[in-house]
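# Coordinate analysis (summary)
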Amino acid sequence: MLATSAIATGSFAASGSQPSERTGGGHASERDPRQKGPVAIASANGLGTVELAHRLMSSGVDPALAAVDGVALVEADPNDMSVGLGGLPNEMGVVTLDAAVMHGPTHKAGAVAALEDTVHAAAVALKVLQTTDHVLIVGEGARRFARMHGFPEADLLTAKAREAWLRWKQESSKSDDWLDLDEMDWSPDGSKAIPRTTGTIHCSCVTDGGDIGCCTTTSGLSYKIPGRVGDSPIIGAGLFCDNDVGSAGCTGRGEAAMQSLAAYSTVRHMEAGRNPTEAALAALDEVARRSRRQRRLVDDADNPNFQLKIYALRKDGAFGSANMRPGNNAYAVCDAAGARLEKAAIYAE
Ligand code: ASP
């Protein structure tokens, strides 16, 4: 049985340190053999996450628990509109969360999907892993499960997210009774429409001894159809780890990650001998090839017109990342050299 994580006991403290940003190009895919200690990687919104996860693993905390506590910082941040509190809601204005955790040493997984009224979806997913024989609990069952474990009920819809949703509703169609922003006689609060966005946090962790854990948590695609579940809580899609090989996770277009089991595929490519960045690129190539079967998913150059980002961490601490398309290609890393942002490779330049 895994120990209780600090977030579950409510005793974790937010990191106060200011990690530095590494702006140089390139991507680290081979680990310097002289380097020791744990490694944590995450999506770009996870600088504090990797710093905390690294610190926890350095003091002996299990890698899955370190990942869950690391992402809890972002889940609790009302300014991150893609995860937990402050996440953008579904089409009906309801914030629903998806999250999953995997634990390499036991090869166990726990996940929740379409969870409402609970900030720390990843910690609830950890409870599924720790206390049940199930992998995935959804909707009202997940909400009830969270209450059973003492997770407090919380209103996740912040004023900023509610305004963004209302503006999206106004702007989303010309053939309804909602006035577009430019048709309004005034804009009383001055707030603007926020287009459909994606965003999530993934965190993969490996201890100095090579044990692996990972976690992905999100409010999912903004303004989604109620009931829609993305890749984040789907084992093999939004995350996967194999304690003999490594770990991987995805952010971006969840439908693409699900249709190609992109995280699973990345780990299998590492097992076949590719370094983490090459493995992520190989998985993106599979996604791209299959996406070309749907014209609406590709651009004029026949490349996918959507973003998908893959993060990969090998058992020996080597790490890498690749993005389907250009754009912000930063991702977060913390190892013995400290917390920083690295640059991912781009599949379709
Ligand atoms: N992958 C998430 C989802 O499809 C969203 C994201 O990462 O942007 O729900």
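The shown structure was predicted, so the numbers you read here are calculated from the model rather than taken from an experiment.

## Examining helix 3 (residues 63-75)
Compared with the 18 Å implied by 1.5 Å per residue over 13 residues, the 18 Å span of helix 3 between its first and last C-alpha is a close match. Extensive coverage of helix 3 is indicated by the burial of 13 of its 13 residues. One side-chain oxygen of the residue at the start of helix 3 lies 2.8 Å from the amide nitrogen of Ala64, identifying that residue as Asp62.

## Regarding the pairing of strand 2 (residues 97-103)
Most of strand 2 sits inside the fold, with 7 of its 7 residues counted as buried. Because side chains alternate across strand 2, one face comprises the buried residues Leu97, Ala99, Val101 and His103, and the other comprises Asp98, Ala100 and Met102, equally buried. Pairing geometry for strand 2 and strand 3 (residues 108-115), over 6 bridges, is antiparallel. Bridged to Ala99 within strand 3 is Val112. The turn joining strand 2 and strand 3, which pair antiparallel and follow one another in sequence, is formed by 4 residues; a positive phi near 50° is taken by His107. Pairing between strand 2 and strand 6 (residues 212-218): 6 bridges, direction antiparallel.

## Focus on the sheet that holds strand 1 (residues 39-43)
Note on sheets: strands pair through backbone hydrogen bonds, and any given pair is parallel or antiparallel. Taken together, 8 strands build an open sheet; the order of strands is 4-3-2-6-5-1-11-12 and the sheet is mixed. On the outer flanks of this sheet lie strand 4 (136-138) and strand 12 (338-343), each paired with one strand and no other. Averaged over all neighbouring strand pairs, the angle between strand axes comes to 10°, with direction disregarded. Of the pairings in the sheet, the one linking strand 5 (residues 201-206) to strand 6 comprises 6 bridges and is antiparallel in character. Across the sheet, the residue bridging to Cys203 is Cys215, located in strand 6. Across the sheet, helix 3 touches strand 2, strand 5 and strand 6, and the angle it forms with strand 6 is around 25°.

## Observations regarding the packing of helix 4 (residues 121-131) against helix 5 (residues 139-148)
Running from N to C, helix 4 and helix 5 point in directions that differ by 80°, and their axes come no closer than 10 Å. Put simply, helix 4 runs roughly perpendicular to helix 5. Seen from helix 4, the contacting residues are Val124, Lys127, Val128 and Thr131; seen from helix 5, they are Ala142, Phe145 and Ala146. Here the residues of the contact of helix 4 with helix 5 sort into 5 nonpolar, 1 polar and 1 charged.

## Focus: the pattern of salt bridges
Summed over all chains, the structure comprises 16 salt bridges. Two residues, Glu51 and Arg55, come together in a salt bridge whose shortest N-O distance is 3.6 Å. Here Arg55 and Glu51 lie together in helix 2 (residues 47-58), a separation of 4 residues that amounts to about one turn. Given the relative accessible area of 40%, Arg55 is considered partly exposed. Of the charged contacts in the structure, one is a salt bridge between Asp242 and Arg268, with a shortest N-O distance of 2.7 Å. Within this pair, whereas Asp242 is found in strand 7 (residues 239-242), its partner Arg268 is found in helix 8 (residues 262-271), the two being separated by 26 residues in sequence. Connected via shared salt-bridge partners are Asp117, Glu140, Arg143, Arg144 and Glu153.

## Considerations on helix 6 (residues 159-171)
Across its 13 residues, helix 6 extends 18 Å between first and last C-alpha, which sits within 8% of the 18 Å expected from 1.5 Å per residue. Taken residue by residue, helix 6 has Ala161, Glu163, Ala164, Trp165, Leu166, Arg167, Trp168 and Gln170 as its buried positions.

## Looking at a nonpolar patch on the surface
A contiguous nonpolar surface patch, about 230 Å² in accessible area, is contributed by Val135, Leu136 and Val138. Summarising the element assignment, Val138 is placed in strand 4. Judged by its relative accessible area of 47%, Val138 falls in the partly exposed class.

## Quick word on the packing of helix 2 against helix 3
Pairs of packed helices are described in terms of their axes, by the angle between the two and the distance that separates them. For the pair helix 2 and helix 3, interaxial distance at closest approach is 8 Å and the crossing angle is 150°. Taken as axis vectors, helix 2 and helix 3 run roughly antiparallel relative to one another. When you trace helix 2 past helix 3, the crossing you get is right-handed. Contact residues: Gly48, Thr49, Leu52, Ala53, Leu56 and Met57 in helix 2; Pro63, Ala66, Asp69, Gly70, Val71, Leu73 and Val74 in helix 3. Class assignment for the residues of the contact of helix 2 with helix 3 results in 9 nonpolar, 3 polar and 1 charged.

## Focus: unusual backbone geometry
One non-glycine residue, His107, lies in the positive phi region at around 50°. Along the polypeptide, His107 turns up in the loop between strand 2 and strand 3. The partly exposed category is assigned to His107, whose relative accessible area is 44%. One non-glycine residue, Ala114, lies in the positive phi region at around 55°. Locating Ala114 in the fold gives a position in strand 3.

## Concerning the environment of Asp98
Mapped onto the elements, Asp98 comes out in strand 2. Expressed as a C-alpha distance, the spacing of Asp98 and Glu116, which sit 18 residues apart in the sequence, is 9.5 Å. Asp98 has contacts with Val112, Ala113, Ala114, Thr216, Thr217, Thr218, Val229, Gly230, Ser232 and Pro233, leaving out every residue within four places of it along the chain. Polar side-chain contacts of Asp98 include one of 2.9 Å to the backbone nitrogen of Ala114.

Thresholds, definitions, all that
- Residues numbered from 1 in each chain as written.
- Predicted model: local features only at pLDDT ≥ 70, side-chain atom pairs only at ≥ 80, totals over all residues.
- Heavy atoms only, no water.
- Helix = DSSP H or I, 4+ residues; strand = E, 2+ residues; numbered from the N terminus.
- Expected span 1.5 Å × (residues − 1).
- Buried < 20%, exposed > 50% of the residue type's maximum accessible area, 1.4 Å probe, protein only.
- Polar contact = N/O pair within 3.5 Å; in protein donor to acceptor, adjacent residues only side chain to side chain.
- Pairing = 2+ DSSP bridges.
- Axes fitted to C-alpha atoms, helices over the stretch in contact; angles between N-to-C directions.
- Contact = heavy atoms within 4.5 Å.
- Parallel < 35°, antiparallel > 145°, perpendicular 65-115°, else oblique.
- Nonpolar A, V, L, I, M, F, W, Y, C, P; charged D, E, K, R; others polar.
- Salt bridge = Lys/Arg side-chain N within 4 Å of Asp/Glu carboxyl O.
- Patch = residues over 30% accessible without salt bridge, like charges linked within 9 Å, V, L, I, M, F, W, Y side chains within 5 Å.
- Areas by Shrake-Rupley, 256 points an atom, 1.4 Å probe, with all protein chains shown as cover.
- Left-handed = near helix turned anticlockwise from the far one by under 90°.

So yeah, pure geometry; function would need other evidence.
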